[in-house]
Amino acid sequence: MDKLAEIMAHKRREIEPRLRPVRERDLARFGEMKRPGLGFGQALDQPGRMGVIAEIKRRSPSAGEIKAGADAVEQARRYTNAGADCISVLTDEKYFGGTLRDLWDVVEFQVTTNRHVPCLRKDFMVHPLQIIEAAEAGARAILIIVRALDDDTIKQLHEGAKLAGLDALFEIHEERELERALRHGATLIGVNNRNLATFKTDLAFSEEIIPQIPKTALAVSESGIHTPEDAARVRTAGARAILVGEALMKAEDADKLLKALSEA
C-alpha cells in the first residue's frame, strides 16, 4: 500500500462514525448565503503576477515535523499581512497535525479583522459530509485528489461543492489524471510536484503537465516550491498560482519570501 492509499483508508475509517446522509438542500443552503470577499479561484487570478496559496502545515509524512505547535491564527495573520491571495488550512490530524478547529479559527480571524482571504479546506475528501463541515467552518474551496477517487465520488464531491458555493481544486500528478479532471469540468487544477506514492518531489511534473492544461482552467503548481527561482520556473511552464507550505512555515521572514514568490 502506498502512502496516499494508506491515508485515504485511514480517512474513511476516521469519518465513518460521524457519517450521515447529505441531501442536496443541505448543501444548497450554504450556496444561498452571501459571503464577503472574493471566491477562492477569483482571488488566485492575479493578472501580471503569480497568485499565492499560503499553507498552514505543522507536519507532513514527507518532511516530518515542520513547525510543531504552530498557532494557526498567528500563521494566518502573517500570511494575510504579507499579502497571500488564499490560505490553505490542513485539517487532517493524524498525518499533518491539523484540525477542523484550525479552519474555524482562521476564518473567524479573517472575519473579525475584515480581511476575507479565502480559505481552502486541505484534507482528503471522500464524502459530502466533509463539504458540509468545510462550508460550516467558512472555507471557500475543497480539495479533490483525482488519483485517490473513482469517477462517481469525484462527481459527487464536485457537484456537492458547487451546490455549497465552494470552489474545487482538482489535484493531479500525471496526464491521465488531467484528462479525468477535465472530463469533470475542473476549472482549478493543481499539479502536485510530489509523487504521492513515493513522496519524492520534482518541479518537472509541472513543466510537463501544466502546458497541457487549457487556458480556461487556472493552473496551480503545488509542492517543492521553496525559492523565487522555483516560482519563476513553474510560472514559465504556465502556472498562474502556486501553493507553498513548508518553505513559508519555516521562513524566518515569511512576509519577504511570500512577496518574492508572488513577483517571480
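Participant: So what's going on with the overall build of the protein? Residues and values would help.
Facilitator: Within the protein, the secondary structure is distributed over twelve helices and ten strands. Here the C-alpha atoms of the protein give a radius of gyration of 17 Å, agreeing with the 18 Å that 2.2 N^0.38 yields for 264 residues. Dimensions along the principal axes, computed over C-alpha positions, put the protein at roughly 45 × 45 × 35 Å. Per-residue burial over the protein gives 55% buried out of 264 residues. Of the contacts made within the protein by residues no fewer than 6 positions apart, 69% connect residues no fewer than 24 positions apart. When the accessible surface of the protein is totalled, it reaches about 11,600 Å², and 47% of it is carbon and sulfur. With 39 positive and 42 negative side-chain charges, the protein shows a separation of 2 Å between the mean positions of the two kinds.

Participant: Got a sec to walk through the packing of aromatic side chains? Specific residues and values, please.
Facilitator: Under the criterion given, the structure shown has one aromatic pair. Sitting above the plane of the Tyr 95 ring, Lys 94 keeps its charged end 5.5 Å from the centroid.

Participant: Which residues make up the sheet that holds strand β9 (residues 218-222), and what values go with them?
Facilitator: Strand order in the closed barrel made by the eight strands is β1-β4-β5-β6-β7-β8-β9-β10, with parallel pairing throughout. Strand-to-strand twist across the sheet, computed as the mean angle between neighbouring axes with direction ignored, equals 25°. As judged from the three bridges shared by strand β7 (residues 167-172) and strand β8 (residues 188-192), these two strands associate in the parallel manner. Bridge pairing links Ile 172 to Val 191 in β8. Where helix α4 (residues 72-82) meets the sheet, its contacts fall on β1 (51-56) and β4 (86-90), and the angle it forms with β1 comes to roughly 165°.

Participant: Requested: an account of the side chain of His 10, with residues and values cited.
Facilitator: Among the structural elements, His 10 can be located in helix α1 (residues 3-15). Excluding anything up to four places from it in sequence, His 10 contacts Lys 94 and Tyr 95.

Participant: Help me get a handle on the nonpolar core, residues and values and all.
Facilitator: Taken as a class, soluble globular proteins show a tendency for nonpolar side chains to be buried jointly. Core analysis: the largest hydrophobic core is formed by 91 residues, its most contacted members being Leu 44, Tyr 79, Ile 142 and Ile 242. Aside from chain neighbours lying at most four places away, what touches Leu 44 is Gly 51, Val 52, Ile 53, Asp 85, Cys 86, Leu 188, Leu 218, Val 220, Arg 240 and Ala 241.

Participant: Please set out the environment of Ala 247 residue by residue, giving values where relevant.
Facilitator: Relative to the helices and strands, Ala 247 resides in helix α11 (residues 246-250). Given a relative accessible area of 12%, Ala 247 falls into the buried group. Along the backbone, Ala 247 and Thr 99 are 148 residues apart, and their C-alpha atoms lie at a distance of 21 Å. Non-local contacts of Ala 247, meaning those with residues more than four positions away in its chain, are made with Ile 225, His 226 and Leu 257.

Participant: Explain the pairing of β7 residue by residue, including any values.
Facilitator: Of all six residues that make up β7, five are buried, and the element is covered over most of its length. In the sheet, strand β6 (residues 141-145) pairs with β7 via five bridges, with the strands oriented parallel. For Leu 143, the partnering residue across the bridge sits in β7 and is Leu 169. Viewed along the sheet, the connection from β6 through helix α7 (residues 151-163) into β7 turns out right-handed. Considered for its hand, the β-α-β crossover made up of β7, helix α8 (residues 175-183) and β8 is right-handed.

Participant: Tell me about the pairing of β1, and name the residues and values.
Facilitator: Along any regular strand, the residues point their side chains to alternate faces of the sheet. In terms of burial, β1 is largely enclosed, as six of its six residues are buried. Both faces of β1 are covered, namely the face carrying Gly 51, Ile 53 and Glu 55 and the face carrying Val 52, Ala 54 and Ile 56. Note that β1 and strand β10 (residues 241-244) share four bridges and pair parallel. Across the sheet, residue Ile 53 finds its bridge partner in β10, namely Leu 243. As judged from the four bridges shared by β1 and β4, these two strands associate in the parallel manner. Looking at the pairing, Ile 56 lines up with Val 89 of β4.

Scoring rules and cut-offs
Residues numbered from 1 in each chain as written. Predicted model: local features only at pLDDT ≥ 70, side-chain atom pairs only at ≥ 80, totals over all residues. Heavy atoms only, no water. Helix = DSSP H or I, 4+ residues; strand = E, 2+ residues; numbered from the N terminus. Rg over C-alpha atoms; globule rule 2.2 N^0.38 Å. Buried < 20%, exposed > 50% of the residue type's maximum accessible area, 1.4 Å probe, protein only. Contact = heavy atoms within 4.5 Å. Areas by Shrake-Rupley, 256 points an atom, 1.4 Å probe, with all protein chains shown as cover. Lys, Arg positive; Asp, Glu negative; His and termini not counted. Charge placed at Lys NZ, Arg CZ, Asp CG, Glu CD. Phe/Tyr/Trp six-rings, centres within 6.5 Å; stacked < 30°, edge-to-face > 60°. Lys NZ or Arg CZ within 6 Å of the ring centre and 35° of its normal. Pairing = 2+ DSSP bridges. Axes fitted to C-alpha atoms, helices over the stretch in contact; angles between N-to-C directions. Core = buried A, V, L, I, M, F, W, Y, C linked by side-chain atoms within 4.5 Å. Right-handed = clockwise from strand over helix to strand, strands pointing away.

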